[in-house]
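In case you want the letters, here they are:
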Amino acid sequence: MRTVTRRTFVGSALAGGAALVAPSLARAARRAARATLTDAHIDIMLDEPVGTIAPEIYGHFVENLGGVVYDGVWVGEQSRVPNIGGVRRALVEALRPIRPSVVRWPGGCFADDYDWHDGIGPRERRPRRTNVWADDPNFRNVGIVPQRYDPNQFGTQEFLHFCRLVGAQPYLAVNLRQLPARAFVEWVEFCNSPAGSTTLADLRAVGGDREPYNVRYWGIGNEAWGCGGNFTPEEYAAEYRRFATWNVPDYGVGLKFIGSGPSGGDVDWSRRFFAALDGRGDLGRMWGWALHHYSSPPSGGALQFDAPAWYGLLARGDQMESLITRHWQVMGERDRERRVKLVVDEWGAWYEMTTNVDPTHLFGQQSTVRDAVLTGLTLDTFNRHADKVAMANVAQLVNCIHSLFLARGDQFVVTPTYHVFAMYAAHQGAQAVRTAVTSPEIRWTTPEGEARTLRGLNGSASLRERTLTLTVTNPDLADTREAEIVVRGGSIRSVRATTLSSRDVHDHNTFDAPRAVVPAEAEVAVGGTPLAYRFPAASVTKLEITLGG
Ligand code: AHR
């Protein structure tokens, strides 16, 4: 496609001629010709803690789908691709610094088609199976490849080794649609029973691990309203009880079960499930309620987008805030003690499949500055609701929708989304503090000509000892926005800024140009209170603020 820099984009808009330019962008461009806008305020209340930001909010998702596992994570021990016990070395090395708190596996829809027994024991003896995604119409002319016919080389122990390598906790999703509850109990036993205690513990030892893994997080099915069984909430509640209520041994681990929650705004699913479960007086070991929310633009793909597609995607992503509060309210009608938290275990941008780096990478897509802004917007939302959201898993880690990495053979690159996760890692485990952002709304127009608004600056702040981390997105395509930043209950000693933006919002990293979009760091001159800071258009910013004594 023709790349359009923001400057040429603006110029075209003023000329009113380019096909990619919509009226809202033209208006934004005219505004950009004026001075930086200074009518935004960020008030950070140090004395108003929201809750500890669970590191698990910065979690990931590895489904046996397309190129996520085969080519992405797993290359095999004999591969010419540098690896650690079969796992792509470059991936491990890139993941470690961003502290990937938790990884969900094996799906997604794949989970309800997977028998974990197939993935243990000597690799050369494991069965080959048809992957549940094999018939997807996006798979064309790819032949007999591991992405369609699963050789089961990456099973439970390989996944758990991967988690160990990158320092993440595992989160396993159970096959509720096809397998009996007994298979779940056996999987827990295989993973967690004490060394030498059971036949499955001995089998684990043969696979190289005598000691238990102590897997804590277990998803009881996936999308039970869809690929996970097409259940009604009441039917799923009955299945959930059968799987999770009795006889799953804990082995002293403190198992945490995650129920298959709603798609987006389907509060009926939440309300009826909780009513059905509570009606039998037992939330049991239910710890999390999984919410899935994907964002697609009104038109265009990952790389070709105009202003309505930029704002449309971000507006859809920004629905996360209301999804969290609405489901939280409904859950509280039954769970008065607030034992169950939200687990947003699938979120991200999902485009038509046209930019995958290999035909076997089903749902593979590129990522631009737009995806970076969506990432920041979403992570800030989770941080602001640290009291409600206990875990979140961006979908999916590599070679898929909203990925942090693209990999093919020995080629490997990190996406702008990766850089945002790196910038935001400072929030993990810190204390979220109430942060009020007031900023003029952005007006934009849908492809159908409807007038819409999107909030302007958006962000979150967290405190760890004397360091305050403030992260902010500016989704405005054209305007730098100056904000007055006030830290209530503290004083600012020094500020260091990390900014992710690019000359052209369509910029993205490729195997040939891996540093097209990278963050830049700078010291910020602190000239008194309040701090005035200019957030560039179409950017994600982290301010590391050292507080005075
Ligand atoms: O992430 C891709 C798919 O999206 C998952 O398998 C499924 O859970 C969801 O519908």
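Residues numbered from 1 in each chain as written. Predicted model: local features only at pLDDT ≥ 70, side-chain atom pairs only at ≥ 80, totals over all residues. Heavy atoms only, no water.

Focus: the overall build of the chain
Scanning the chain for helices and strands turns up 12 helices and 25 strands. The C-alpha atoms of the chain give a radius of gyration of 23 Å, which matches the 24 Å a tight globule of 549 residues would have. C-alpha atoms of the chain, sized along the principal axes, occupy 70 × 55 × 45 Å. The proportion of buried residues among the 549 residues of the chain is 60%. A sequence separation of at least 24 residues applies to 77% of the contacts in the chain between residues at least 6 apart. Accessible area for the chain stands at about 20,500 Å²; split by element, carbon and sulfur atoms hold 47% of it. (Helix = DSSP H or I, 4+ residues; strand = E, 2+ residues; numbered from the N terminus. Rg over C-alpha atoms; globule rule 2.2 N^0.38 Å. Buried < 20%, exposed > 50% of the residue type's maximum accessible area, 1.4 Å probe, protein only. Contact = heavy atoms within 4.5 Å. Areas by Shrake-Rupley, 256 points an atom, 1.4 Å probe, with all protein chains shown as cover.)

Notes on the site of the ligand
Close contacts around the ligand come from 13 residues, with Glu63, Cys109, Glu223, Tyr294 and Glu346 the closest. With respect to the ligand, the side chain of Tyr294 contributes an N or O atom lying 2.7 Å from an oxygen atom. Gln396 is positioned such that a nitrogen or oxygen atom in its side chain is 2.9 Å from an oxygen atom of the ligand. Coverage of the ligand by the protein chains reaches 93% of its 280 Å² of free accessible surface. In the shell around the ligand, the residues fall into 7 nonpolar, 3 polar and 3 charged. (Near = heavy atom within 4 Å. Polar contact = N/O pair within 3.5 Å; in protein donor to acceptor, adjacent residues only side chain to side chain. Nonpolar A, V, L, I, M, F, W, Y, C, P; charged D, E, K, R; others polar.)

Describing the side chain of Ser260
Secondary-structure assignment places Ser260 in the loop between strand 10 (256-259) and helix 8 (267-279). Reaching out from Ser260, the side chain makes a polar contact with the backbone nitrogen of Ala224 at a distance of 2.8 Å. The residues contacting Ser260, other than those within four sequence positions of it, are Ile220, Gly221, Asn222, Glu223, Ala224, Tyr236, Trp269, Trp289 and Ala290.

A word on the pairing of strand 25 (residues 539-547)
Of all 9 residues making up strand 25, 7 are buried, and the element is well covered by its neighbours. Bridge count for strand 20 (residues 467-474) against strand 25 is 8 bridges, and the pairing is antiparallel. The residue of strand 25 that forms the bridge with Thr467 is Thr546. Pairing analysis gives 8 bridges linking strand 22 (residues 492-500) to strand 25, with the strands arranged antiparallel. (Pairing = 2+ DSSP bridges.)

Quick notes on the sheet that holds strand 12 (residues 341-349)
Judged by pairing direction, the barrel is parallel, and its 8 strands sit side by side in the order 2-5-8-9-10-11-12-13 before closing back on the first. Looking at each pair of strands side by side, their axes are set apart by 25° on average, direction ignored. Two elements, strand 2 (residues 59-61) and strand 5 (residues 102-105), share 2 bridges in a ladder whose sense is parallel. Across the sheet, Phe61 pairs through a bridge with Arg104, a residue of strand 5. The strands that helix 10 (residues 320-334) touches are strand 11 (286-295), strand 12 and strand 13 (389-394); relative to strand 12, the one it contacts most, it runs at about 155°. Packing against the sheet, helix 11 (residues 369-384) makes contact with strand 11, strand 12 and strand 13, and its axis sits at approximately 175° to strand 12. (Axes fitted to C-alpha atoms, helices over the stretch in contact; angles between N-to-C directions.)

Some points on the nonpolar core
Grouped together as the largest cluster of nonpolar side chains are 130 residues, with contacts concentrated most on Phe162, Trp218, Tyr236, Trp289, Trp310, Phe382 and Phe405. Other than its neighbours up to four places away in sequence, Trp310 contacts Phe305, Val369, Arg370, Val373, Pro475, Leu477, Val505 and Ala538. Core analysis: the second largest hydrophobic core is formed by 22 residues, Ala40, Leu457, Ala461 and Ala483 among them. (Core = buried A, V, L, I, M, F, W, Y, C linked by side-chain atoms within 4.5 Å.)

Examining the pattern of salt bridges
Under the defined criterion, the tally for this structure stands at 29 salt bridges. For the salt bridge of Arg455 with Asp318, the shortest nitrogen-to-oxygen distance reads 2.8 Å. Of this pair, Arg455 sits in the loop between strand 18 (451-454) and strand 19 (458-464) while Asp318 sits in the loop between helix 9 (307-317) and helix 10; the two residues are 137 residues apart in sequence, bridging distant segments of the chain. Where Arg496 meets Glu521, a salt bridge forms, and the shortest distance between an N and an O atom there is 3.0 Å. You can see Arg496 sitting in strand 22 and its partner Glu521 sitting in strand 23 (residues 520-524), a full 25 residues away along the chain. Of the residues examined, Arg496 reaches a relative accessible area of 29% and is grouped as partly exposed. (Salt bridge = Lys/Arg side-chain N within 4 Å of Asp/Glu carboxyl O.)

Some details on the state of the cysteines
In the structure shown here, the tally under the stated rule is 1 disulfide. Sulfur-sulfur distance for the disulfide between Cys109 and Cys227 comes to 2.2 Å. The sign of the S-S torsion, about -90°, decides the handedness of the disulfide formed by Cys109 and Cys227: left-handed. In this pair, Cys109 is assigned in the loop between strand 5 and strand 6 (129-130) and Cys227 in the loop between strand 9 (217-220) and helix 7 (233-244), connecting sequence segments 118 residues apart. With relative accessibility at 16%, the residue Cys109 sits in the buried group. (Disulfide = S-S within 2.5 Å.)

A closer look at unusual backbone geometry
Following Gly107, the chain continues to Gly108 via a peptide bond in cis, the omega torsion being 20°. Mapped onto the secondary structure, Gly108 falls in the loop between strand 5 and strand 6. Positive phi, normally seen in glycine, also occurs at Asp71, with a value near 100°. For Asp71, a relative accessible area of 17% gives the class buried.

Details of the packing of helix 9 against helix 11
Put simply, helix 9 and helix 11 touch, their axes get as near as 10 Å, and they point 20° apart. As far as their axial angle goes, helix 11 and helix 9 are roughly parallel. For the crossing formed where helix 9 meets helix 11, the hand is right-handed. In this structure, helix 9 contributes Ala309, Trp310, Leu313, Leu314 and Gly317 to the contact, and helix 11 contributes Val369, Arg370, Val373, Leu374 and Leu377. For the contact of helix 9 with helix 11, the residue count by class is 8 nonpolar, 1 polar and 1 charged. (Parallel < 35°, antiparallel > 145°, perpendicular 65-115°, else oblique. Left-handed = near helix turned anticlockwise from the far one by under 90°.)

Thoughts on the side chain of Asp71
Counting through the fold element by element, Asp71 comes out in the loop between strand 2 and strand 3 (83-84). Separated by 3.1 Å, the side chain of Asp71 and the backbone nitrogen of Gly409 make a polar contact. Those residues in contact with Asp71 that sit more than four places away from it in its chain are Arg88, Gln147, His361, Asn399, Ala407, Arg408 and Gly409.

So, helix 7
Compared with an ideal rise of 1.5 Å per residue, which puts 12 residues at 16 Å, helix 7 spans 16 Å between its outermost C-alpha atoms and is within 8% of the ideal. Of all the residues in helix 7, the buried ones are Pro233, Tyr236, Ala237, Glu239, Tyr240, Arg241, Phe243 and Ala244. Residues of helix 7 that are buried make contact with helix 5 (181-192), strand 9, strand 10, helix 8 and strand 11. (Expected span 1.5 Å × (residues − 1).)

Quick notes on the environment of Gly121
Mapped onto the fold, Gly121 is located in the loop between strand 5 and strand 6. Overall, the relative accessible area of 35% leaves Gly121 in the partly exposed class.

Observations concerning the pairing of strand 20
Among the 8 residues that make up strand 20, 7 are buried, leaving the element largely enclosed by the rest of the structure. Bridge count between strand 19 and strand 20: 7 bridges; the pairing is antiparallel. The residue of strand 20 that forms the bridge with Asn458 is Thr473. Following strand 19, the chain reverses through 2 residues before pairing antiparallel with strand 20; Glu465 in that reversal takes a positive phi of roughly 50°.

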